[in-house]
There are 2 protein chains.
Amino acid sequence: MEKEITIYDIAKDLGLSPTTVSRALNNHPAVKEKTRKRIHDAALELGYQSNVFASNLRSKKTNNIGVIVPRLNGSFQSSVIAGMEKVANEAGFNLIISQSQESYDKEKANAQTMFNSRVDGLLVSLAFNTPNIDHFNPFIKKGIPVLFFDRIIENDQYTGVVIDNIQSGYKATAHLIEQGCKKIVHVMGHSDINVYTDRLKGYKYALMDNEIPFDENLVFRSNLNEESGEEIVNKILTLDPKPDGIFVSNDSCAASCLLHLKLNGLKVPRDIAVVGFNNDVISRLVEPAITTINYPGYEIGEVAMKNLINHLRGGADRVLENTNKITLRSELIVRESSKRK
Amino acid sequence: MEKEITIYDIAKDLGLSPTTVSRALNNHPAVKEKTRKRIHDAALELGYQSNVFASNLRSKKTNNIGVIVPRLNGSFQSSVIAGMEKVANEAGFNLIISQSQESYDKEKANAQTMFNSRVDGLLVSLAFNTPNIDHFNPFIKKGIPVLFFDRIIENDQYTGVVIDNIQSGYKATAHLIEQGCKKIVHVMGHSDINVYTDRLKGYKYALMDNEIPFDENLVFRSNLNEESGEEIVNKILTLDPKPDGIFVSNDSCAASCLLHLKLNGLKVPRDIAVVGFNNDVISRLVEPAITTINYPGYEIGEVAMKNLINHLRGGADRVLENTNKITLRSELIVRESSKRK
C-alpha cells in the first residue's frame, strides 16, 4: 500500500501553501474558484482521501445509517431499500445494510454490530419471531434514533412507518363481497407479524359489516411463496360448497393460486375471484391480471429515511419524539381476476 | 445524549480492575469464562460501545465494504446483494450500498464517496453508459481492491465475476433451433452493456453453426421492462413470414411478450416459441411457464464477496491479482413455452 497522501503533498506538488490547500478542500470562500478547482483536481489525481474518518471521530458522527431487514430477496424489500438509498445519498449519508434472515437472534446480533459501528440512526423491519424490542434500548439510551418500517411492534417510544393494513385488508375483502362473493378464503402469512394480523382483521371487519359470518376454517396460514399455491388450491377443492373468492396476502402466492386454479379447470373470476397484495410486476403479467392492493415500498423507504434525516438534523426540533406512526396511502387496483359484474 | 460509557465505568460497576474489563472485552484467554460473560453482560446493560471506530483509525481498516449497483429494484440485483450481505456478515464486515441509477456521473460521485469513507474494498456493477473505469484508479493506487460483477469492462487490472453470457445466449438460441424454429427474433437490452452484447453474440454464433443467416432486422433493442411486450409483439405482427421463435434477454419482458402474443390470438409455443433469461419467479408462474436461463444472482454475490474478503485477508497470497475473470455456471431450464417437439 502506498503512503497516505496529505495536504502537504498536494501543497508541494502545486507550489502552494498547506493553508491554501486545506482551505480549498474545505471550500473556504477566501480561495479563488480557479485555485480551488486546481487543488481539487490535484487531490483527485494524487489519490488524497479527505480525512472524514478522523473528523468523524471528533464529531462523533459517521454519516452512516443502518438498515436491518428480514431478507433482501423479494421486490417489496428491495424497493424500500432503493427509496431509502436515494434519499440518503442525496443528503450525504451512506446506507449500511444487514439481513436478519427472519431470525430474532440474528437481528439482535445485527443491532449490536450497528451499535458498535456507531451508526447515526437505524431503520428496522422486524423478523418473524421477534418477541420484543429491548435489543434496541442501547440506541435509545445513547440518543440514536431508531425508526421502524413495515413490520413494527406498537410501542410508545418508537416511530413506525406503515400502510394501514387493516383498511387494506378491509378494501380487498369488501371488493370481493361487492362482486357477489359469499364464501371468501383468506390466505395469510405468519401470525406473529403485524402486517398479516392486521390484514386478517380487515378481512373480518369487512365480513362483519356485510353480515357474513366469520369462519376460522376459511383462514389459511401459509408461507406465501410461489410454491404454496398448489397446496392452497388442493385444500380449496376439498371444501363443500366451494369458495367463490380468495384474498391472498401477497401477489406471488396469488399468482401461484391462480395458476393452480386454472390447472384444475376452474375459471377465474367466474368460479372463483382472486385478490392479491403488493402490486408486484407479476400481478400485471399473469392472465387474468390480478386485482391487488398497491403497497408503495419505494415511498415507504423514502418517507422513513426523510423522517430519520430530518430528525438527525433537527436539533431542538426533533419531530420523531412526538410521532408514533406515519401511515402511507395504499389503494385497491381492480383488474380482471375479480371482475364478476 | 448520555455520556460515553468507558471500561472504567464497567470496572467500577462490577468492582473489577479496568485491566480485567479490557481483557474480557477483547476475549483475552487470561479471563475466566464466567467473569468474561459477567463483563460482557454488564457492557451490554450499560450501553458500552466498543471503540471500533478509534481502533479502526489506528489499523486503517473500517470493516466496511462498498457496493455500487445500477439499481436495487429488480429481483436479480437484490439476490446479488443478499448473497453478498450473508458472506460479509459472517466474516464481520458491513455492506455500504449505493445506486448509480444507471448514470456514469452518479457512479463517479458514488466511487468518490466510497473512497472518502475508506471502505476496505469495493464491488461494482457498472451503469449503462460508463465509458471507462478511470474513476476507480484512486482505489488501485491505494491498494484497495475493486472487483466487478455482472456488468463489467474487460480490463487486465481488475477481476470480474460473471456468467458466460455468450454461451448462455448460444444455448437459448440453439434450443429454439432444435425445437424447429427457423426465424428467431432476439430482444436485447442496451447495446453498451456487456451482458446484452454477449448474449447477442451467442445468438449469432448459434444461428451460424446451424446455417441460419443472421438478419439484423430480427434483433430488437428494448428497455426490457414489463411494458415493452406490447410494442415488441406489434412489431412481430408486421413481419412476413412471422417469426416462429423469440429469445428475450430477461424474464419480465418475456412474460410481457407472452401475454401480448396470447392477447393477439397466437399460441405459444405452437405458433411462436418463447425463451427468457434469469429464471425469475415470474417465468415459473405464467402459463405456459417460460423456458429460461438460470442466472444465479445469489451465488454471484456470494462468490464476489468471498473472493474480495479472501483477498483482504490474504496478505502475501493475494489471489485477485492473478485472476482476471471468474465465470459461474448458468443453465438452460426447458419449460412449456418452447416445447414444440
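Residues numbered from 1 in each chain as written. Chains lettered and ligands numbered in written order. Predicted model: local features only at pLDDT ≥ 70, side-chain atom pairs only at ≥ 80, totals over all residues. Heavy atoms only, no water.

On to the relation of the copies chain B and chain A. Least-squares fitting of chain B to chain A yields an RMSD of 0.2 Å, with the superposition described by an axial translation of 0.0 Å and a rotation of 180 degrees. In symmetry terms, the pair is related by a two-fold rotation axis. Nearest to the rotation axis, the C-alpha of B:I96 is located 2.3 Å from it, this being the minimum over chain B. Take the interface residues of chain B: 98% of them recur as interface residues in chain A, which is what a same-surface contact looks like. (Least-squares fit on C-alpha atoms with pLDDT ≥ 70 in both. Contact = heavy atoms within 4.5 Å.)

Our focus in this paragraph is the side chain of A:R199. Residue and element names in this part refer to chain A. By the secondary structure assignment, R199 is in helix 9 (residues 194–209). Among buried Asp, Glu, Lys and Arg side chains, R199 stands out as unpaired, with D150 the closest opposite charge at 5.2 Å. At 3.1 Å, the side chain of R199 and the backbone oxygen of S249 are in polar contact. (Helix = DSSP H or I, 4+ residues; strand = E, 2+ residues; numbered from the N terminus. Buried < 20%, exposed > 50% of the residue type's maximum accessible area, 1.4 Å probe, protein only. Lys, Arg positive; Asp, Glu negative; His and termini not counted. Salt bridge = Lys/Arg side-chain N within 4 Å of Asp/Glu carboxyl O. Polar contact = N/O pair within 3.5 Å; in protein donor to acceptor, adjacent residues only side chain to side chain.)

The partner chain A presents 62 residues to the 63 residues of chain B that form the contact. Applying the counting rule to chain B against chain A returns 4 salt bridges. Among the salt bridges present, the one from B:E287 reaches A:K262, with a minimum N-O distance of 3.0 Å. Those elements that provide at least two residues to the side of chain B that touches chain A are helix 3 (33–46), helix 4 (52–59), helix 5 (75–90), strand 2 (94–99), helix 6 (104–116), helix 7 (137–142), helix 11 (251–263) and helix 12 (281–285) of chain B. The leading source of residues in the side of chain B that touches chain A is helix 5 of chain B, at 7 residues. Its residues placed into classes, the side of chain B that touches chain A shows 25 nonpolar, 23 polar and 15 charged. Across 3 bridges, strand 2 (residues 94–99) of chain A lies against strand 2 of chain B in antiparallel orientation. Bridge assignment links A:L95 to a residue of strand 2 of chain B, and that residue is B:I97. (Nonpolar A, V, L, I, M, F, W, Y, C, P; charged D, E, K, R; others polar. Pairing = 2+ DSSP bridges.)

All names here are of chain A. If you trace the 4 strands from one edge of the open sheet to the other, you get 7-6-8-9, paired in parallel fashion. Either end of the sheet is taken by a strand with one partner, and the two such strands are strand 7 (219–221) and strand 9 (273–275). For this sheet the average axis-to-axis angle between neighbouring strands, irrespective of direction, equals 20 degrees. As paired elements, strand 6 (residues 184–188) and strand 8 (residues 245–248) share 4 bridges and run parallel to each other. Its bridge partner being in strand 8, V187 is matched across the sheet by V248. Sheet strands in contact with helix 8 (residues 165–178) are strand 6, strand 8 and strand 9, and its direction is about 165 degrees off that of strand 8. (Axes fitted to C-alpha atoms, helices over the stretch in contact; angles between N-to-C directions.)

Residues with a pLDDT of 70 or more make up 94% of chain A, whose mean pLDDT is 89. Our summary of model confidence lists the complex with pTM equal to 0.79 and ipTM equal to 0.73. (pLDDT = per-residue confidence, 0-100.)

Residue and element names in this part refer to chain A. Counting buried positions along strand 6 gives 5 out of 5 residues, so the element sits mostly inside the fold. Of the two faces of strand 6, the one holding I184, H186 and M188 and the one holding V185 and V187 are both buried throughout. Pairing analysis gives 3 bridges linking strand 6 to strand 7, with the strands arranged parallel. Among the inter-strand pairings, H186 is bridged to a residue of strand 7, identified as V219. For the crossover that starts at strand 6, traverses helix 9 and ends in the parallel strand 7, the hand is right-handed. (Right-handed = clockwise from strand over helix to strand, strands pointing away.)

A water-sized probe, rolled over the atoms, reveals where empty space remains. Under the counting rule described, the total for this entry stands at 5 cavities of 30 Å³ or more. Quantified by volume, the largest cavity comes out at close to 90 Å³. Surrounding the largest cavity, 14 residues form its lining, A:K262, A:V286, A:E287, B:V286 and B:E287 being those nearest its centre. Elements that contribute at least two residues to the lining of the largest cavity include exactly helix 11 (251–263) of chain A together with helix 11 of chain B. Among the residues making up the lining of the largest cavity, the classes are represented as 10 nonpolar, no polar and 4 charged. (1 Å grid on protein atoms, 1.4 Å probe; cavity = no way out; pocket = protein on both sides within 12 Å on 5 of 7 lines; lining within 4 Å. Points joined across faces, edges and corners; volume = space filled by probe spheres on them.)

Another point: the nonpolar core. If you look at the biggest cluster of nonpolar residues, it comprises 142 residues, and the most contacted ones within it are A:L123, A:I246, B:L123 and B:I246. Dropping the residues within four chain positions of it, B:L123 is found in contact with B:I65, B:G66, B:V67, B:I68, B:M84, B:L147, B:F149, B:A304, B:M305 and B:L308. Counting 36 residues, the second largest nonpolar core, distinct from the first, contains A:V119, A:I152, A:V162 and B:M114. (Core = buried A, V, L, I, M, F, W, Y, C linked by side-chain atoms within 4.5 Å.)

A word on the domain arrangement of chain A. Think of interface size as the accessible area that goes away when the parts come together; that is how it is often given. Examined at the domain level, chain A breaks down into domain 1 (7–50), domain 2 (63–162 + 297–327) and domain 3 (165–296 + 332–338). In this structure, domain 1 of chain A and domain 2 of chain A have C-alpha centres spaced 38 Å apart. (Domains from an automatic or database assignment.)

Residues and elements named next belong to chain B. Strand order in this open sheet of 4 strands is 7-6-8-9, and the pairing throughout is parallel. Since the sheet does not close on itself, it has two edges, and those belong to strand 7 (219–221) and strand 9 (273–275), each with one partner. Across the sheet, the mean angle separating the axes of adjacent strands is 20 degrees when strand polarity is ignored. For strand 8 (residues 245–248) and strand 9, the ladder comprises 3 bridges, and the chain directions are parallel. Looking at the pairing, I246 lines up with V274 of strand 9.

Attention shifts here to the pairing of strand 5 (residues 159–163) of chain B. All names here are of chain B. Strand 5 sits mainly inside the fold: 5 of its 5 residues count as buried. The alternating pattern of strand 5 places T159, V161 and I163 on one face and G160 and V162 on the opposite face, and all of these are buried. Sheet topology note: the strand 4 (residues 146–149)/strand 5 ladder contains 3 bridges and is parallel. Bridged to L147 within strand 5 is T159. The pairing of strand 5 with strand 11 (residues 325–328) spans 4 bridges and is parallel. When the bridges of strand 11 are listed, V162 appears paired with T327.

Cis geometry marks the peptide bond from B:D240 to B:P241, where omega comes out at 0 degrees. Even without a glycine there, the phi angle at A:L224 is positive, about 55 degrees. Relative to the elements of secondary structure, A:L224 occurs in the loop between strand 7 and helix 10 (228–238).

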